[in-house]
Amino acid sequence: MTEEKTAPTMQATLGLTGLTSNAMALIAPGAFLWLTFFIQATTGATAPSMWIGIFAALMLCLATAVSYAEISKLYPGTGSSYYYAEQAMLSKDKAFKYARISKFVVGWGSHLYYWVYPGVMVGVTGIFVGYIVGFLWPNFMSGSNPGPVFMGLVAVAFSFAVAWIAQKGANASTAVNLAINVVQISALVLFSILAIGYRVNHPAGTAALQYDATTQATYNYEFATKPDGTVIRDASNVPQPLMDAADKPVPFHIQYPQMDSTGKLFMSHPTAKSVVSVHNFNWVMIQATVAILILVGFESVTSLGGEARNAKRDIPIAVIASLLIQGLVCYLIEYFAANYFLNSGYSMQSAVGSAAPIGDMMIIVGDALLGQGHGKYFMLAEAVTVFLALIGTTLACMNTGARVTYAMGRDAEAPEHFGMLHDKNLTPHRAVWTLATITAVIGVLSIILCFGDAAAPTDATIQALPHGLLSSVGYMSHATMAALPNSLLMATLTSNFGTFILYALSCLLCIIAFHGRSDFNFVKHLLIPAFGLLANLGCMAFYLIGPTMGYGTVKEPLGALLIAAVWGLYGAFYFMRSSKAKGKGILLQSKQGQVMASAESIK
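Residues numbered from 1 in each chain as written. Predicted model: local features only at pLDDT ≥ 70, side-chain atom pairs only at ≥ 80, totals over all residues. Heavy atoms only, no water.

*Asks:* Mind laying out the overall build of the protein, listing which residues take part and the relevant values?
*Replies:* Tallying secondary structure elements over the protein gives 21 helices and two strands in all. Taking contacts inside the protein between residues at least 6 apart in sequence as the whole, the part at least 24 apart equals 78%. Counting only carbon and sulfur atoms, one obtains 67% of the accessible surface of the protein, whose full area is about 23,100 Å². (Helix = DSSP H or I, 4+ residues; strand = E, 2+ residues; numbered from the N terminus. Contact = heavy atoms within 4.5 Å. Areas by Shrake-Rupley, 256 points an atom, 1.4 Å probe, with all protein chains shown as cover.)

Set out below in structure tokens:
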């Protein structure tokens, strides 16, 4: 008699530490300070409100995290909000008929986040690696403006390398993420202390260091310039010193000007109070629409319900803990330090023109601590931790995105091969490798014009790039690049719009799920989720309000809205066509059969 072969199922192996580590790895403050400071700096006049914008995004995320934590107590299982949408509707006697369409809308909308976000991560990894290669081999690559072809190749290779780890299983990913969390948090705390220390020990008017982007080095003297303001350099591109009456170099004295000489460009924060001030409410909202990228990830752990040993107890704790540790503590400290550090020797406008502003800052504080010329070692040591954090955040998001796709495939709401598990690793391997391919494509697209719009380099900078396929192909004139959108910022805003959709719907689902239940709590199940819902909708509205009112950039948020609209229309078309082909009703006629099918699918 032959033994019946059963389909493989996920194994419950993750405890509280493993679940929290996976969520913390996606938030990854050690990577995002390095990666997103540049993106946030390029949002036009809104840069002074960077810190408070992050705080606003954090409050939004905390409200959403509470919603996720509460609803995960009711419905532990694989699929996160996609699964919650179905269960919340099925729990209601009148709304149950909307269960199928609700879960599809949530699942489809979440893919705008879960499929684009990893692409942004591999794109910035390409920029990061280009910066390091340019620093080590300046004759081959410009660190401040790496070659698009080189960055694209890195993005593709990184996509499939991370996918290889992801398809090995959650335990392998958890071990990697736990180690990365310890390393990156330690590294960012060290940098934050040194950055604040540099500012405190260099009051306005004292001798200090200024940074030169061309040589990626610091100098303790004022630069000599031509009448047009161009820095005079020797044959090795080293900036020449301005000489005084005694024919000696004029020492550089640091200042903390808020604006440049024209009064139009933000330079630095005169005081610590300025760092945490609102400056302009609209600037705060624009910064929040970008900053959400650095805070998302706490919800990722809810997709691991099928692999958690005690999902009802541990997942709610992991959701809140990961956000509080990484967001409330790490981000607010490190972004304060980086913004407080800005000065006349390295201003916000210097950050706009660099591929890695935080790397530049690390060189400066390293030179101040270790002696000029030695800061590069501190920067390279920190860069190693950033690369590790990049692995962790991309891996965590790929794991989450693949599992949401797996859940939709398992329910036949997406192509059914996505709902299959690997016989040995018990991972949704088909979804993983499909997502890796999509990630590679989006990664390449995101860095093609990562120096477009406000980040466009000058014609002189473009001409000075090392010439070659990997180092200069893809750069156009300054005027052309300035007229084109910043592809990295557009990809970021697209991912963030998907995040706002998902988070708004999740807050709404929490309200629906607990409505009429005996354990309903006004604060946790209505007040906080309602705030989260309105905050997410408000951030989405600023994609239109910002360009209309002239705040921040224009092309990128409108481009992101167009992409989101196309994705939504295609989703509606796919849903209708798939329903007709499979003979499924859009609205359920009876919830009993659906409840049984849903319970069977999460086993």
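*Asks:* Residue-level account of a nonpolar patch on the surface, with values.
*Replies:* A grouping of Phe520, Phe522, Val523, Leu526 and Leu527 is seen on the molecular surface, where their side chains present a nonpolar patch of about 440 Å² in accessible area. If you trace the backbone, Leu527 turns up in helix H19 (residues 522-549). (Patch = residues over 30% accessible without salt bridge, like charges linked within 9 Å, V, L, I, M, F, W, Y side chains within 5 Å. Salt bridge = Lys/Arg side-chain N within 4 Å of Asp/Glu carboxyl O.)

*Asks:* So what's going on with the environment of Gly109? Which residues, and what values?
*Replies:* Here Gly109 is to be found in helix H5 (residues 99-114). For Gly109, a relative accessible area of 10% puts it in the buried group. With 458 residues separating them in the primary sequence, Gly109 and Trp567 have C-alpha atoms 8.3 Å apart. Aside from chain neighbours lying at most four places away, what touches Gly109 is Gly498 and Ile501. (Buried < 20%, exposed > 50% of the residue type's maximum accessible area, 1.4 Å probe, protein only.)

*Asks:* Tell me about the packing of helix H3 (residues 50-74) against helix H18 (residues 487-514), residues and numbers included.
*Replies:* It is at 9 Å that the axes of H3 and H18 come closest, and there the two elements cross at 45°. The orientation of H3 relative to H18 falls into the category oblique. Two packed elements cross with a definite hand, and for H3 against H18 that hand is left-handed. Residues Leu60, Cys61, Thr64, Ser67, Tyr68, Glu70, Ile71 and Leu74 of H3 form the contact with H18, whose own contacting residues are Phe500, Leu502, Tyr503, Ser506, Cys507, Leu509, Cys510, Ala513 and Phe514. Looking at side-chain class alone, the contact of H3 with H18 contains 13 nonpolar, three polar and one charged residues. (Axes fitted to C-alpha atoms, helices over the stretch in contact; angles between N-to-C directions. Parallel < 35°, antiparallel > 145°, perpendicular 65-115°, else oblique. Left-handed = near helix turned anticlockwise from the far one by under 90°. Nonpolar A, V, L, I, M, F, W, Y, C, P; charged D, E, K, R; others polar.)

*Asks:* Got a sec to walk through the packing of aromatic side chains? Specific residues and values, please.
*Replies:* Scanning the entire structure with this criterion turns up 31 aromatic pairs. Look at Tyr83 and Tyr84: their rings are 6.4 Å apart centre to centre, the planes differ by 50°, and that puts the pair in the tilted class. Pair check on accessibility: Tyr83 and Tyr84 agree, each one buried. Taking the centre distance of 6.1 Å and the plane angle of 25° together, the rings of Phe451 and Tyr475 count as stacked. Within this pair, whereas Phe451 is found in the loop between helix H15 (429-448) and helix H16 (459-463), its partner Tyr475 is found in the loop between H16 and helix H17 (478-483), the two being separated by 24 residues in sequence. Take Phe451: its relative accessible area is 3%, and that puts it in the buried class. Owing to a relative accessible area of 12%, Tyr475 belongs among the buried residues under this scheme. Each residue in the set Phe104, Trp108, Trp115, Trp567, Tyr570, Phe573, Tyr574 and Phe575 is aromatic and connected to the rest through ring pairs, giving one cluster. Taking NZ or CZ as reference, Arg199 lies 3.7 Å from the ring centre of Tyr256, over its face. (Phe/Tyr/Trp six-rings, centres within 6.5 Å; stacked < 30°, edge-to-face > 60°. Lys NZ or Arg CZ within 6 Å of the ring centre and 35° of its normal.)

*Asks:* Give a detailed account of the packing of H3 against H19, specifying residues and quantitative values.
*Replies:* Between H3 and H19, whose axes approach to 8 Å, the crossing angle comes to 135°. Classified by the angle their axes make, H3 and H19 are oblique. For H3 against H19, the interelement crossing comes out left-handed. Here H3 contributes Met59, Leu60, Ala63, Thr64, Val66, Ser67 and Glu70 to the contact with H19, which in turn contributes Lys524, His525, Ile528, Pro529, Phe531, Gly532, Ala535, Asn536 and Cys539.

*Asks:* Let's hear about the nonpolar core: which residues, and what values?
*Replies:* Counting 163 residues, the largest nonpolar core has Trp34 and Phe37 as the members making the most contacts within it. If you tally residues by element for this core, the top one is helix H14 (residues 375-410), at 14 residues. When sequence neighbours within four positions are dropped, the list of residues in contact with Trp34 reads Phe128, Tyr131, Ile132, Ala356, Ile358, Gly359, Met362, Met379, Ala383 and Val386. (Core = buried A, V, L, I, M, F, W, Y, C linked by side-chain atoms within 4.5 Å.)

*Asks:* I'd like a description of the pattern of salt bridges, backed by residues and values.
*Replies:* In total, this model carries ten salt bridges according to the counting rule given. For the salt bridge of Arg517 with Asp519, the shortest nitrogen-to-oxygen distance reads 2.9 Å. Judged by its relative accessible area of 35%, Arg517 is partly exposed. Three or more residues joined by partner-sharing salt bridges are found here, namely Glu86, Lys103, Arg410 and Asp411.

*Asks:* Lay out the environment of Phe160 in plain terms, naming residues and giving numbers.
*Replies:* Counting through the fold element by element, Phe160 comes out in helix H7 (residues 148-166). You can call Phe160 partly exposed: its relative accessible area is 33%. It is 9.5 Å that separates the C-alpha atoms of Phe160 and Leu435, two residues lying 275 residues apart in sequence.

*Asks:* Give a detailed account of helix H20 (residues 555-582), specifying residues and quantitative values.
*Replies:* With 28 residues, H20 should cover 40 Å at 1.5 Å per step; its first-to-last C-alpha distance of 40 Å lies within 8% of that length. Within H20, burial applies to Glu556, Pro557, Gly559, Ala560, Leu561, Ala564, Gly571, Tyr574, Phe575, Ser578 and Ser579. Considering only its buried residues, H20 is in contact with H5, H18 and H19. Following H20 by one or two positions, Gly583 has its phi on the positive side, about 70°. (Expected span 1.5 Å × (residues − 1).)

*Asks:* An account of the side chain of Thr553 is needed here, citing residue identities and associated values.
*Replies:* As for its position among the elements, Thr553 is in the loop between H19 and H20. Separated by 3.4 Å, the side chains of Thr553 and Glu556 make a polar contact. For Thr553, the residues in contact, after removing those within four places along its chain, are Thr42, Thr43, Gly44, Asp453, Leu489 and Pro547. (Polar contact = N/O pair within 3.5 Å; in protein donor to acceptor, adjacent residues only side chain to side chain.)

*Asks:* Describe the environment of Ile364, with residues and values.
*Replies:* With respect to the secondary-structure elements, Ile364 resides in helix H13 (residues 357-370). The exposure class of Ile364 is buried, given its relative accessible area of 1%. Separated by 166 residues in sequence, Ile364 and Tyr198 place their C-alpha atoms 9.1 Å apart. Residue contacts for Ile364: discarding those within four places in its chain leaves Tyr198, Leu209, Tyr211, Thr218, Phe341 and Tyr346.

*Asks:* Summarise the state of the cysteines; cite the residues concerned and give the values.
*Replies:* Counted under the stated rule, the structure contains zero disulfides. This cysteine, Cys539, is not joined by any disulfide, and Cys61 carries the nearest cysteine sulfur, 8.9 Å off. (Disulfide = S-S within 2.5 Å.)

*Asks:* Just give me the short version of the side chain of Thr42, but keep the residues and values in it.
*Replies:* Tracing the backbone through its elements, the reader meets Thr42 in the loop between helix H2 (29-41) and H3. On the accessibility criterion, Thr42 (3% relative accessible area) is buried. Other than its neighbours up to four places away in sequence, Thr42 contacts Val352, Ala454, Ala455, Asn486, Leu489 and Thr553.

*Asks:* Would you mind going over H13 in detail, with residue names and values included?
*Replies:* Between its terminal C-alpha atoms H13 stretches 20 Å, which fits the 20 Å expected from 14 residues at 1.5 Å a residue. Judged by how many residues are buried, H13 sits mostly within the fold: eleven of 14 residues are covered. Residues of H13 that are buried include every one of Pro357, Ile358, Gly359, Asp360, Met361, Met362, Ile363, Ile364, Val365, Gly366 and Asp367, and no others.

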